[in-house]
Amino acid sequence: MTGSSTRLWGGRFTSPTAADMAAFNDSFRFDERLADFDIRGSMAWSRALAQAGLIDETECNTLLQGLQQIASEFEAEIFGIHVGDEDIHTAVERRLTELVGAVAGKLHTGRSRNDQVATSFRLFCLDSSHQLQQRLRELQRALLAQAHHHIHTLMPGYTHLQRAQPMTFGYWCLAYIEMFDRDYTRLEQAAQHMRVLPLGSGALTGNSLNIDRQALADELGFDAISTNALDAVSDRDFVAELLFVAALTGTHLSRMAEDLILYSSAEFGFVELADAYSTGSSLMPQKKNPDSMELLRGKSGRLMGNLVAILTVLKGLPLAYNKDLQEDKEPLFDSIDTLDLGLHIAAAVVISMQMNPERMAAALEDSMFATDLADVLVRQGMPFREAHHKVGQLVRHALHSQVSLRALPITDYQSIHPGFDETIYALFDAHQSVAQKNSIGGCSPERVNEQIARWEATLAWC
Ligand code: ARG
């Protein structure tokens, strides 16, 4: 049994918390991660209490020194957990009492663990968002380095996983840079909602102690102050938003992983992942498996699961704080850790992989120029639908004759439409086809170079 006296709120209880209940209830083992943020919040709160005349300057300094000492103990990993340390907030207060005595009992004046945890968790989420943004940049830089190398490396672009039109590998890299940039921006947007200070909300209705919340916000780096305490202690939208961005980033990683898994198969042979990021088979000596990418693809599942977990916790929760909200932490920690390492591994795989330009070029085939052939007729004034149909007939004829489009004699072309002449044979040139895709956002080396220059500028300073 855990003695009622060991709990901060033990006063109204006559019998102690059951040991199994304590194990079920206590969150210290995972929310210890909030230590730094919790202590920062408590330091700011101590100053706010002093400013409001609720503690004197000496008491304030005593609290600050004690809190500083506790921060060093966490830093040195020598903070000792005690029976009765329910969560990080109670553990810090218990230790503060040991260090500075009865004055520690004044720290919680006007404060509740409800506004305290909301504040610490917001600070943690802000820090994590920033860290993930750095990881996204790391991956974007790796993709940009590959894009640089492969501006002219031809490969088939696919739709429905069927060969569609020629493009370049550099262009493929830029597509993923775009996706990860939207994730970067989403993290910034999510962070805006995190930068709202809940501290000063008390348990649910605010406080009556004349606390300067603006000074608290300024000290802790929040941009705004919550304007309804009932909402502020209950709100975990910022957790759900961060988990959504993590899930979507995981989805993007999974798509990239799937491309690279396919491209590294013998059937494609476009890429070889570094040995350092592949594994072998215990049975088949010849195997080299793209496990790094398979794990990335697989981990998108738990990132989505964590988002669903928080939405499910929030759904149907009455105002204001309920202990269900303690379930917000493990999914978030898991998503942050999963994504932090996942993004780093993705960057390491991308930077170390070897492309095989010969195999990529060999996968191009004449039918991929069919749209270019249709464009010849379109430029002569034919409606695209009709041109599409005529070239379709040519493709069918080539398939039927078991030759490639390029091998059909000009007479065959002209029997389909007299507008075709010998110049069409020059169309079967992938470099030229790619170069012609010069629209903004197109795959021509000219456009790709512009995009690379733009990304270099963006990624250089952050
Ligand atoms: N460990 C709790 C949590 O993470 C802290 C808040 C507890 N508040 C309360 N009223 N019991 O949610």
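Check the entry above for the structure.
Treat the numbers as computed from the prediction; the structure is a model and nothing was measured.

We now examine the packing of aromatic side chains. Enumeration over the complete set of coordinates arrives at 18 aromatic pairs. When the ring of Phe 121 is compared with that of Phe 238, the centres are 6.2 Å apart and the planes differ by 70°; the resulting orientation is edge-to-face. Residue Phe 121 is found in helix α6 (residues 113–149), and its partner Phe 238 is found in helix α10 (residues 237–263); the two are separated by 117 residues along the sequence. For the pair shown, Phe 121 and Phe 238 are each scored as buried. Aromatic pair Tyr 263 and Phe 268: ring centres 5.7 Å apart, planes at 45°, arrangement tilted. For Tyr 263, a relative accessible area of 4% corresponds to the buried category. Taken together, the aromatic side chains of Tyr 158, Phe 169, Trp 172, Tyr 176, Phe 180, Tyr 263, Phe 268 and Phe 270 make up a single cluster linked through ring pairs. The ring of Phe 333 carries the charged tip of Arg 33 above its face, separated from the ring centre by 4.7 Å. Note that Arg 454 overlies the ring of Trp 455, its terminal NZ or CZ placed 4.4 Å from the centroid.

So, on to the pattern of salt bridges. Overall, the coordinates contain 28 salt bridges when judged by the stated rule. The shortest N-O distance in the salt bridge between Glu 98 and Arg 94 comes to 2.9 Å. With Glu 98 and Arg 94 both in helix α5 (residues 88–100) and four residues apart, this pair spans about one turn of that helix. Classification of Glu 98 by relative accessible area gives partly exposed; the value is 39%. Between Lys 329 and Asp 328 there is a salt bridge; the shortest N-O distance is 2.8 Å. Asp 328 matches Lys 329 in its accessibility class, with the two residues each being buried. One network of salt bridges, with partners in common, ties together Glu 73, Asp 85, Arg 94, Arg 95 and Glu 98.

Reading guide: rules and limits
- Per chain, the residues get numbers from 1 upward, laid out in the order the sequence is written.
- The model is predicted, so local features are restricted to residues of pLDDT at least 70 and side-chain atom pairs to those at 80 or more, both for listing and for counting; the totals for chains, interfaces and linings are taken over all residues.
- Neither water nor hydrogens contribute to the side-chain values; these are computed over all heavy atoms in the structure.
- Aromatic pairs are defined between Phe, Tyr and Trp rings, using the six-membered ring for Trp, whenever the two ring centres lie within 6.5 Å; interplanar angles under 30 degrees are classed as stacked, those over 60 as edge-to-face, and all others as tilted.
- Each helix corresponds to a stretch of at least 4 residues labelled H or I by DSSP, and each strand to a stretch of at least 2 residues labelled E; elements are numbered beginning at the N terminus.
- Type-normalised accessible area, obtained with a 1.4 Å probe on protein chains alone, sets the label of each residue: buried when under 20%, exposed when over 50%, and partly exposed for intermediate values.
- Put simply, a charge is over a ring when the Lys NZ or the Arg CZ is close to the ring centre, within 6 Å, and near the line of the ring normal, within 35 degrees.
- When a carboxyl oxygen of Asp or Glu is within 4 Å of a side-chain nitrogen of Lys or Arg, the pair counts as a salt bridge.

By themselves these figures say nothing about function.
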